[in-house]
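The residues making up each chain are set out below.
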Amino acid sequence: MTASMAPASGAGAIRLTIGQRLLRAWNRWIGAALRYIVLITLGVVFGFPFYWLVTTSLKVDTQLFVVPPVLFPDPIKWSNYPRLFEYLPFHLFILNTVAITALTIGGIVFSCPLAAYSFARLRWPARNTVFLGILATMMLPEQVTMIPQYLLFSRMDWIDTWRPLWVPAWFGSAFYIFLLRQFFMTIPSELEDAAKIDGAGYVTTYVRIMLPLVMPALTAVVVFTFIGSWNNFLGPLIYVNTTMKMPISLALRLFQSLHDAEYGLMMAASTITTIPVVLLFFFAQRYFIQGIVLTGLKG
Amino acid sequence: MAATEHTRRQFNRREVIAGLLFALPAILGILIFQLGPLVVSLGLSLTDYDILTKTNIVWFQNYKRLAQDPLVLKSAVNTLYVTALGVPLQLLTALSLALLLNAETKAMAFFRTLYYLPAITPTVAAAILWRWILQSQWGLLNSALGLVGIQGPLWLGSEVWSKPSIVLMSLWGQGGSMLIFLAGLKGIPRQLYEAAEIDGASRWYRFIRITLPMLSPTIFFLMVLSIIGNLKVFTEAYVLTQGGPLNSTLFYVYNLFNNAFVYFRMGYASALAWVFFILVLILTLAQFRLADRWVYYEVGGAE
């Protein structure tokens, strides 16, 4: 801003000459154009790997191993997808993952809001001390508890079952309890009092009144539990050995160890693993964004 | 606390029972899956437990051994390398994307989705995809570099470039941090910028003097999470390189995993886990101590 600002009589910086206005409009237009150029360039950088994933899975080998790379598969080769299922039962892996994920979500939805409600609203001795203890465990890296947990599950004969993957979810998760408790605390207590006057017990009050009120937070929790469970790799790697029991992430890794150099086939398998998560994202996008802003979780 | 007016009153017996029952699964969970294992882990780290042979108490032998184990040193250095290189680049990427998206137009929702999608892509699938992109001969990246006349490195096949490759892949998945930055940016009051503009402050000056300080709590929060996340790096290396070449991507947790679940040296691995725990704890607490110097909280502290 080099143009003279001083003689804008009385109204300060509000009144501008036509020249200044034009300059501002021009600057704004240039700014917006530049922003879009960068946005689109980065969009290509972030989006292209997905395009590459899907198109590689549809290419014939002669289009795969060439320089410069071929952008459009021609002819389109669908056969990698049926071939996947000839090698390994990928539909079974997806069903396994759905089952494990559903059991995990069920556990989280049962245990976390229940405990959160108790910590937020019900009064019992040493409540806050216990809550602080639960919060403190968030600092504990899973690497420390992983070995004793493995020994515990192996003593219970749970190795090579799904139980180590979903049973702990029924016993709460510190971060989700913390999050939901914060949410319960914002709900006015009049609603509860009214229910009490009507003679509702604690279970009824919780299920009928309180639980519906924390739905936004609970939905976010469910979405993150889904992603976490669907993408979980270390857990299945440690606990599941039998191929037929594997969730998709571990099966994909097994498949990679067998067919690493067959890129078309590998990309088809990775596409199949990724599609359910992407679909969920498009259906539940609102809850994702809301959940991240609410929780500071990164997915 | 919502219940301050009640605190003096006696506990209601039915409420205490309901409260304890409601919290019971969580309390049991903490005892069985967290605190119990924590204590057991400390005990195990003082033994030579390996599932197969007879267990002896060896006291601090495991800790002495790990201090001299060249693989522990190598994996720790690798981990610190990736953390030191990765955290600044990841935060910078996420912040840049958020600044770019911080405008009120319809198109932003589209770009936000596009930039975020990699963050929820299953790690194993993403790693397999990046193995192909980073493939040295026919991979996308080296082909692109070739177009501008650069002979790309071997990436995952090179001892020098394997760690930067993993960092590069992690930058693709910064959409989660980006969204948190974006929420932070939206929380900065507009009046601050308007006032600065009237004072004639330049765009850069506004960024340095308003945006960064107002965003410092978000930067701090993401930095703490990002450092812990990088220290725990495992799956990417397991799928991309299996720790190679020449152990250049053998990270601390990877080495711990090998000791525990490949060689079944449970006692030794527990000692590794405890050292990790203590180091992460110290590093995190140190960041909180240092935070006072640069994190700006609106409540209580004016400049």
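If you're wondering where the values come from, they're calculated on a predicted model, not measured in any experiment.

**Focus on the overall build of chain B**
Scanning chain B from terminus to terminus reveals 13 helices and zero strands. The N-to-C order of helical and strand elements in chain B reads α-α-α-α-α-α-α-α-α-α-α-α-α. Taking 19 Å as the expected radius of gyration for a compact globule of 303 residues, we find that chain B reaches 25 Å, considerably beyond that expectation. For chain B, the spread of C-alpha atoms along the principal axes amounts to about 75 × 75 × 35 Å.

**A few points about the interface of chain B and chain A**
Counting residues at the interface gives 77 residues for chain B and 76 residues for chain A. Take the side of chain B that touches chain A: its biggest share by element is 22 residues, from helix α1 (residues 13–44) of chain B. For the side of chain B that touches chain A, the class distribution of residues is 59 nonpolar, 16 polar and two charged.

**Some words on the nonpolar core**
Residues and elements named next belong to chain A. Ranked by size, the top nonpolar core spans 136 residues in total, and within it I177, L180 and V221 carry the most contacts. Of all the elements, helix α4 (residues 90–121) adds the most residues to this core, at ten residues. Both domains that furnish three or more residues to this core are identified here as domain 1 (18–64) and domain 2 (86–295). Setting aside residues no more than four positions away along its own chain, V221 makes contact with I108, C112, Y176, L179 and L180.

**Some details on the packing of helix α5 (residues 127–136) of chain A against α1 of chain B**
Between α5 of chain A and α1 of chain B, the shortest axis-to-axis distance is 11 Å and the interhelical angle comes to 30°. In terms of axis orientation, α5 of chain A runs roughly parallel to α1 of chain B. By crossing handedness, the relation of α5 of chain A to α1 of chain B is classed as left-handed. Taken together, the residues of α1 of chain B that come into contact with α5 of chain A (itself represented by R127, V130, G133 and I134 of chain A) are G19, A23, A26, I27 and I30 of chain B. For the contact of α5 of chain A with α1 of chain B, the class distribution of residues is six nonpolar, two polar and one charged.

**Re unusual backbone geometry**
Residues D74 of chain A and P75 of chain A are joined by a peptide bond in cis, for which omega reads 0°. In the segment running from G244 of chain B into P245 of chain B, the intervening peptide bond is cis, with an omega of -15°. With respect to the secondary-structure elements, P245 of chain B resides in the loop between α11 (235–240) and α12 (252–262). In the Ramachandran plot, A126 of chain A falls in the positive-phi region, its phi being about 65° despite a non-glycine side chain. Inspection of the secondary structure puts A126 of chain A in the loop between α4 and α5. Positive phi outside glycine occurs at W155 of chain B, with the angle close to 50°.

**Some remarks on the confidence of the model for chain B**
Residues and elements named next belong to chain B. Per-residue confidence for chain B gives a mean pLDDT of 90; residues scoring 70 or more make up 95%. A low-confidence stretch, residues 1–5 stays under pLDDT 50, and its non-local contacts, those more than four residues away or across chains, total three contacts. The complex model carries a pTM of 0.87, and its ipTM stands at 0.86.

**Remarks on the packing of α4 of chain A against helix α11 (residues 215–231) of chain A**
Residues and elements named next belong to chain A. At a minimum axis separation of 9 Å, α4 and α11 run at an interaxial angle of 145°. The crossing of α4 and α11 is right-handed. On α11, the residues that touch T97, I100, T101, T104, I105, I108, V109, C112 and P113 of α4 are L218, V221, V222, T225, F226, S229 and W230.

**A short note on the domain arrangement of chain A**
Residue and element names in this part refer to chain A. The domain boundaries assigned to chain A delineate domain 1 (18–64) and domain 2 (86–295). Placing a centre on the C-alpha atoms of domain 1 and another on those of domain 2 gives a separation of 36 Å. Tallying the contact residues gives seven residues for domain 1 and six residues for domain 2. Secondary-structure elements contributing two or more residues to the side of domain 1 that touches domain 2 are α1 (18–57) and α2 (61–64). A class-by-class count of the residues in the side of domain 1 that touches domain 2 yields three nonpolar, two polar and two charged.

**Some words on α11 of chain A**
Residue and element names in this part refer to chain A. Its 17 residues place the ends of α11 24 Å apart at the C-alpha level, agreeing with the 24 Å of an ideal helix rising 1.5 Å per residue. Most of α11 is tucked away: twelve of the 17 residues are buried. Of all the positions in α11, only A217, L218, A220, V221, V223, F224, T225, F226, I227, S229, W230 and N231 are classed as buried.

**Details of the environment of L211 of chain A**
All names here are of chain A. Residue placement: L211 occurs in helix α10 (residues 202–213). We classify L211 as partly exposed; it has 16 C-beta atoms within 10 Å. Taking the C-alpha atoms as reference, L211 lies 20 Å from F131; in sequence the two are 80 residues apart. Setting aside its immediate chain neighbours within four residues, L211 contacts P113 and Y206.

Here is what the cut-offs are and how they apply
- Residues numbered from 1 in each chain as written.
- Chains lettered and ligands numbered in written order.
- Predicted model: local features only at pLDDT ≥ 70, side-chain atom pairs only at ≥ 80, totals over all residues.
- Helix = DSSP H or I, 4+ residues; strand = E, 2+ residues; numbered from the N terminus.
- Rg over C-alpha atoms; globule rule 2.2 N^0.38 Å.
- Contact = placed C-beta atoms within 7 Å.
- Nonpolar A, V, L, I, M, F, W, Y, C, P; charged D, E, K, R; others polar.
- Core = buried A, V, L, I, M, F, W, Y, C linked by C-beta atoms within 7 Å.
- Buried ≥ 20, exposed ≤ 12 C-beta atoms within 10 Å, placed from the backbone.
- Domains from an automatic or database assignment.
- Axes fitted to C-alpha atoms, helices over the stretch in contact; angles between N-to-C directions.
- Parallel < 35°, antiparallel > 145°, perpendicular 65-115°, else oblique.
- Left-handed = near helix turned anticlockwise from the far one by under 90°.
- pLDDT = per-residue confidence, 0-100.
- Expected span 1.5 Å × (residues − 1).

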